[in-house]
Amino acid sequence: MRVDLSEKNLQSLSTQRVLVIGMGGLGCAAVWDMVRLGVKQLVLVDFDRVERSNLSRQWLYQEQHLGQYKVLVAQEQLQQHQTDLHIVALTERMNGDLLDRWLPRIDVVLDCSDNFPTRFMLNRACVRWQKPLVSGAAIQFNGQVACFLPYLPESPCYHCLYPDEAFTQTETETCTVSGVLTPLPSVIGSIQAIETVKILLKIGQPLSAKLLLFDALNSRWKTLRLPKDPACVVCGG
Ligand SMILES: [Zn+2]
């Protein structure tokens, strides 16, 4: 399929709104690429402030921003790059009220968070509001991306992938101490941006019902089929 990537054809991106949860390494890469592709309306959510340890892989932030809210710095940096952006920066922890307030007005949601409780809550809200969710994760040398499109009957949700929430709670602690290869969140965030734009433009085949895995240490890409769990407590019958 030949796709026209001319500016005129990408025009529709400017009227669609994308919600990004988490403005760490994944979020920085994803929003930067989406803006360069033509997305102009963004809602950014993160209550974290810039710390010195963030600077190597969260490159929207510099030393002068230490202690400032990430979303406010990101908003300023992006608008300096391009003045016609409409960015809402929310410095609060993601919560049910925030999602119910914003999701009806959102076209695609990006999960760029770094913890499972946030991912599960976001997934539930996206299923409830029938919004596409582009999920990314990076830890140590491994990255993954999946798109969950709840309006498609065969599409699984994030909970189908990780049905045991109790297990993943203990995994969360491991993630925090394990670290991540510096360029990896940028790679994964960029793929999230590409998937988002494909969904917004309705082109190609998004990573729906599939899980893309990148093993940087062994230079391997793998795509796994991700079936819907008919017994899923979030999206199942
Ligand atoms: Zn499910």
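Going by the structure above, here's the rest.
Here goes a summary of the coordinates provided. Every chain begins its residue count from 1, and numbering advances along the sequence as written. Where local features are concerned, this predicted model is filtered to residues with pLDDT of at least 70; where side-chain atom pairs are given and counted, the filter is 80 or more; whole-chain, interface and lining totals use all residues. Neither water nor hydrogens contribute to the side-chain values; these are computed over all heavy atoms in the structure.

**What to know about the coordination of the zinc ion**
What counts, and what does not: The donor set comprises N, O and S atoms within 2.8 Å of the metal, extended to 3.2 Å for Na, K and Ca; water molecules are omitted, so apparent gaps in a site may simply reflect that omission. Every angle between 85 and 135 degrees makes a four-donor site tetrahedral, while opposite donors more than 155 degrees apart, with all other angles between 65 and 115, make a four-donor site square planar and a six-donor site octahedral; other sites are irregular. What counts as a helix is a DSSP run of H or I of at least four residues, what counts as a strand is a run of E of at least two, and both are numbered from the N terminus. In this scheme, a residue with accessible area under 20% of its type's maximum is buried, one over 50% is exposed, and one in between is partly exposed, where area comes from a 1.4 Å probe on protein chains only.
Around the zinc ion, the protein contributes the donor atoms Cys157 (SG), Cys160 (SG), Cys232 (SG) and Cys235 (SG), which lie 2.3 Å from the metal centre. Each of the 4 donor atoms around the zinc ion contributes to a set of angles spanning 96 to 124 degrees, which defines the coordination as tetrahedral. Between consecutive donor residues of the zinc ion, the sequence gaps follow C-x2-C-x71-C-x2-C. Taken together, the residues span a long stretch of sequence, with cysteine 160 in helix H5 (residues 158-161) and cysteine 232 in the segment after strand E8 (220-225) at a distance of 72 residues. Here cysteine 160 matches cysteine 232 in class, with each residue buried.

**Quick notes on the sheet that holds strand E4 (residues 108-111)**
Paired through their backbone hydrogen bonds, the strands of a sheet run either parallel or antiparallel. As a reminder, the rule being used: Any two strands between which DSSP finds at least two bridges are classified as paired. Here an axis means a line fitted to C-alpha atoms, over the contact stretch when the element is a helix, while the angle between two N-to-C directions is reported on a 0 to 180 degree scale. Contacts between residues were defined by any pair of non-hydrogen atoms, one from each residue, lying within 4.5 Å.
The mixed open sheet is built from 8 strands, whose spatial order is E3-E2-E1-E4-E5-E6-E7-E8. Every other strand in the sheet has two partners, leaving strand E3 (86-90) and E8 as the edge strands with one partner each. With direction set aside, neighbouring strand axes in the sheet form an average angle of 15 degrees. Note: strand E2 (residues 41-45) against E3, 5 bridges, orientation parallel. Pairing of valine 45 across the sheet is with leucine 90, part of E3. The strands touched by helix H2 (residues 70-81) within the sheet are E2 and E3, with E3 carrying the most contacts at an inclination of about 165 degrees.

**Some thoughts on the pairing of strand E6 (residues 142-148)**
In terms of residue burial, E6 counts as a mostly covered element, since 6 of its 7 residues are buried. As paired strands, strand E5 (residues 133-139) and E6 are joined by 7 bridges and run antiparallel to one another. Counted as the bridge partner of alanine 138 is glycine 143 from E6. Note: E6 against strand E7 (residues 210-215), 4 bridges, orientation antiparallel. Directly across from valine 145, in E7, lies its bridge partner leucine 212.

**Side note on the packing of aromatic side chains**
Put simply, the rule is: Stacked, tilted and edge-to-face pairs are distinguished by plane angle, under 30 degrees for stacked and over 60 for edge-to-face with tilted covering the rest, among Phe, Tyr and Trp rings (Trp via its six-membered ring) whose centres lie within 6.5 Å.
Enumeration over the complete set of coordinates arrives at 7 aromatic pairs. Aromatic pair tryptophan 32 and tryptophan 59: ring centres 6.2 Å apart, planes at 85 degrees, arrangement edge-to-face. In this pair, tryptophan 32 sits in helix H1 (residues 25-37) while tryptophan 59 sits in the loop between E2 and H2, placing the two residues 27 residues apart along the sequence. For tryptophan 59, a relative accessible area of 34% corresponds to the partly exposed category. Taking 5.6 Å as the distance between ring centres and 75 degrees as the angle between the ring planes, the aromatic pair formed by phenylalanine 116 and tyrosine 162 counts as edge-to-face. Of the two residues, phenylalanine 116 sits in helix H4 (residues 116-129) while tyrosine 162 sits in the loop between H5 and helix H6 (165-178), which places them 46 residues apart along the sequence. Take phenylalanine 116: its relative accessible area is 7%, and that puts it in the buried class. Among the aromatic residues, those joined into a ring-pair cluster are Phe116, Phe120, Phe148, Tyr158 and Tyr162.

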